Amino acid sequence: MAEPEIPIAGLTIVAHPLVQHRLTRLRDRRTPPAHFRSELRAVASLLGAAALADLPLAPISIDTPVAPMDAPALAGAPPVLVPVLRAGLAMADGLLDLLPEAAVAHLGLYRDPVTLAAIEYYFKAPADIASRPVVMVDPMLATGNSAIAALDRLKAAGARDLRFVCLLAARPGAVAVRAAHPDVPIWTAGLDATLNANSYIVPGLGDAGDRAFGTEHG
Ligand code: URA
């Protein structure tokens, strides 16, 4: 019998069958880029709904075709979505399907091949990011280095209410992100045990950006 998984505080694995079914299709190497993108978009909506389940509501007065009523509507400024370039773009549309009124900030980081440090090459966010819920999206939480750097950057820009939605996490990276940013909860579809020597998640699904955008090698 498999060992029960040890939970990581602040990390939620969304066990919904539709999430798990889509994750399996995304893991399957036979899934071509067009299907990979549509599955990732759909699973991002489901994960985003879980991550935003605590958004505040306030009653507004409306008229149905039958009668007036006070009905709940989202209160406060709409969230800011932050896809981490490039693979995060493939998830952002799924969250925008849920929340078309959200703002989209973009954050571009690459890993210096020598120092392995995360270097920023693009950042654009709304000026009022400090007063809005912020949802960072990046499909793969592997070593955690780029997620930690991205969350550092968002906090430096003023973000306070931060959440991180990823498709798949590796346990060591998830532990590292939670240690560096214990105030940032994480939602994911799966938690894999380990990374290989090239920092790919095992069993994982390969390079999410390459699979989404059809740039896989050989
Ligand atoms: N990034 C990916 O796209 N895949 C991994 O397995 C690790 C990092």
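From a predicted model like this one, the values you see are computed outputs, not experimental measurements.

1. Some details on the overall build of the protein
Okay, so step 1: What the protein contains, in helices and strands, is 6 helices and 15 strands.
Okay, so step 2: Relative to a compact globule of 218 residues, whose C-alpha radius of gyration would be 17 Å, the protein shows 18 Å and is just as compact.
Okay, so step 3: Along the first, second and third principal axes, the C-alpha set of the protein runs to 60 × 40 × 35 Å.
Okay, so step 4: The buried share of the protein, taken over its 218 residues, is 43%.
Okay, so step 5: Considering only intrachain contacts with a sequence separation of at least 6, the fraction spanning at least 24 residues in the protein is 62%.
Okay, so step 6: Accessible surface for the protein amounts to roughly 11,100 Å². Of this, 59% is attributable to carbon and sulfur atoms.
Okay, so step 7: Across the protein, 18 positive and 21 negative side-chain charges occur, with their mean positions spaced 4 Å apart.

2. Overview of the packing of aromatic side chains
Okay, so step 1: Within the structure shown, the criterion is met by 1 aromatic pair.
Okay, so step 2: Ring geometry for Tyr-110 against Tyr-121: centres 6.3 Å apart, planes inclined by 35 degrees, an arrangement best described as tilted. Here Tyr-121 lies in strand S7 (residues 118–124) and Tyr-110 lies in strand S6 (residues 106–111), a separation of 11 residues in the sequence.
Okay, so step 3: By relative accessible area, Tyr-110 is classed as partly exposed at 43%.
Okay, so step 4: Looking at Tyr-121, the relative accessible area reads 46%, which means it is partly exposed.

3. Describing the site of the ligand
Okay, so step 1: The ligand sits among Met-140, Ala-142, Ser-199, Tyr-200, Ile-201, Gly-206, Asp-207 and Ala-208.
Okay, so step 2: At a separation of 2.8 Å, an oxygen atom of the ligand approaches a polar backbone atom of Ile-201.
Okay, so step 3: Taking Gly-206, its main chain carries an N or O atom lying 2.7 Å from a nitrogen atom of the ligand.
Okay, so step 4: When the ligand is considered free in solution it has 230 Å² of accessible area, and contact with the protein chains removes 82% of it.
Okay, so step 5: When grouped by side-chain class, the residues that make up the shell around the ligand number 5 nonpolar, 2 polar and 1 charged.

4. So, the packing of helix H2 (residues 33–51) against helix H3 (residues 89–98)
For any two helices packed against each other, the geometry comes down to the angle between their axes and how far apart the axes lie.
Okay, so step 1: It is at 7 Å that the axes of H2 and H3 come closest, and there the two elements cross at 55 degrees. Classified by the interaxial angle, the pair formed by H2 and H3 is oblique. For the element pair H2 and H3, the recorded crossing hand is right-handed. Where H2 approaches H3, its residues Leu-40, Arg-41, Ala-44, Ser-45, Leu-47, Gly-48 and Ala-49 are matched on the opposing element by Ala-90, Met-91, Asp-93, Gly-94, Leu-95, Asp-97 and Leu-98.
Okay, so step 2: Classifying every residue of the contact of H2 with H3 gives 8 nonpolar, 3 polar and 3 charged.

5. What to know about the pattern of salt bridges
Note on pairing: side chains with opposite charge can pair once their charged atoms come close.
Okay, so step 1: A full pass over the atoms with the stated rule returns 12 salt bridges.
Okay, so step 2: Its salt-bridge partner being Arg-163, residue Asp-54 comes within 2.7 Å of it at the nearest N-O pair. Separated by 109 residues along the polypeptide, Asp-54 in the loop between H2 and strand S2 (57–63) and Arg-163 in strand S10 (residues 162–165) bring together distant segments of the chain.
Okay, so step 3: Judged by relative accessible area, Asp-54 falls into the exposed class, the value being 53%.

6. Some remarks on the packing of helix H1 (residues 17–27) against H2
Okay, so step 1: Relative to each other, H1 and H2 sit at 150 degrees, their axes nearing to 10 Å. The angle between H1 and H2 falls in the class roughly antiparallel. Taken as a pair, H1 and H2 cross one another with a handedness that is left-handed. Only Phe-36, Glu-39, Leu-40, Ala-42, Val-43, Leu-46 and Leu-47 of H2 make contact with H1, whose side of the interface consists of Leu-18, Val-19, Arg-22, Arg-25 and Leu-26.
Okay, so step 2: Class assignment of the residues belonging to the contact of H1 with H2 gives a composition of 9 nonpolar, no polar and 3 charged.

7. Observations concerning the sheet that holds strand S11 (residues 168–170)
Okay, so step 1: Overall, parallel pairing links the 3 strands, which are arranged S9-S11-S13 in an open sheet. The sheet is open, and its two borders are formed by strand S9 (140–141) and strand S13 (190–192), each paired with just one other strand.
Okay, so step 2: The pairing of S9 with S11 spans 2 bridges and is parallel. Counted as the bridge partner of Met-140 is Leu-168 from S11.
Okay, so step 3: Sitting on the sheet, helix H5 (residues 171–180) is in contact with S9, S11 and S13, with an inclination near 85 degrees to S11.

Definitions and limits used
- Going along each chain's sequence as written, the residues are numbered from 1 onward.
- Residue-level local features of this predicted model are given only where pLDDT is at least 70; pairs of side-chain atoms are given and counted only at 80 or more, and the full residue set underlies all totals for whole chains, interfaces and linings.
- With hydrogens and water set aside, each side-chain value is computed from the structure's full complement of heavy atoms.
- Each helix is a run of H or I in the DSSP string that is no shorter than four residues. Each strand is a run of E no shorter than two, and both are numbered from the N terminus.
- Computation of the radius of gyration draws on C-alpha atoms, with the globule rule given as 2.2 Å multiplied by the number of residues to the power 0.38.
- Only protein chains enter the accessibility calculation, which uses a 1.4 Å probe; a residue is then buried when its area is under 20% of its type maximum, exposed when over 50%, and partly exposed in between.
- Between two residues, a contact is recorded if the distance between any of their heavy atoms is within 4.5 Å.
- Surface accessibility follows the Shrake-Rupley procedure with a 1.4 Å probe radius. Residue values consider only the protein chains on display as shielding.
- By the counting scheme adopted, Arg and Lys are positive, Glu and Asp are negative, and His together with the chain ends is not counted.
- To locate a charge, take atom NZ for lysine, CZ for arginine, CG for aspartate or CD for glutamate.
- Two rings belonging to Phe, Tyr or Trp (six-membered ring only in the last case) form a pair when the distance between their centres is within 6.5 Å. Interplanar angles under 30 degrees mark stacking, angles over 60 mark edge-to-face geometry, and anything in between is tilted.
- For each residue, the test is whether any non-hydrogen atom lies within 4 Å of the molecule or strand; if one does, the residue is near.
- The term polar contact refers here to a pair of N or O atoms within 3.5 Å; inside protein, the definition further demands a hydrogen-donor-capable atom paired with an acceptor-capable atom, and it admits residues adjacent in sequence only when both atoms are side-chain atoms.
- Each residue receives one of three labels: charged for Asp, Glu, Lys and Arg, nonpolar for Ala, Val, Leu, Ile, Met, Phe, Trp, Tyr, Cys and Pro, and polar for the others, Gly being one of them.
- The convention used is that axes are lines fitted to C-alpha atoms, helices contributing only their stretch in contact, and that angles between N-to-C directions extend from 0 to 180 degrees.
- Orientation categories follow fixed angle ranges, with anything under 35 degrees roughly parallel, anything over 145 roughly antiparallel, 65 to 115 roughly perpendicular, and all other angles oblique.
- The hand of a helix crossing depends on one turn: near helix anticlockwise from the far one by less than a right angle means left-handed, and clockwise means right-handed.
- Just to be clear on terms, a salt bridge is a Lys or Arg side-chain nitrogen sitting within 4 Å of an Asp or Glu carboxyl oxygen.
- At least two DSSP bridges between two strands are required for those strands to pair.

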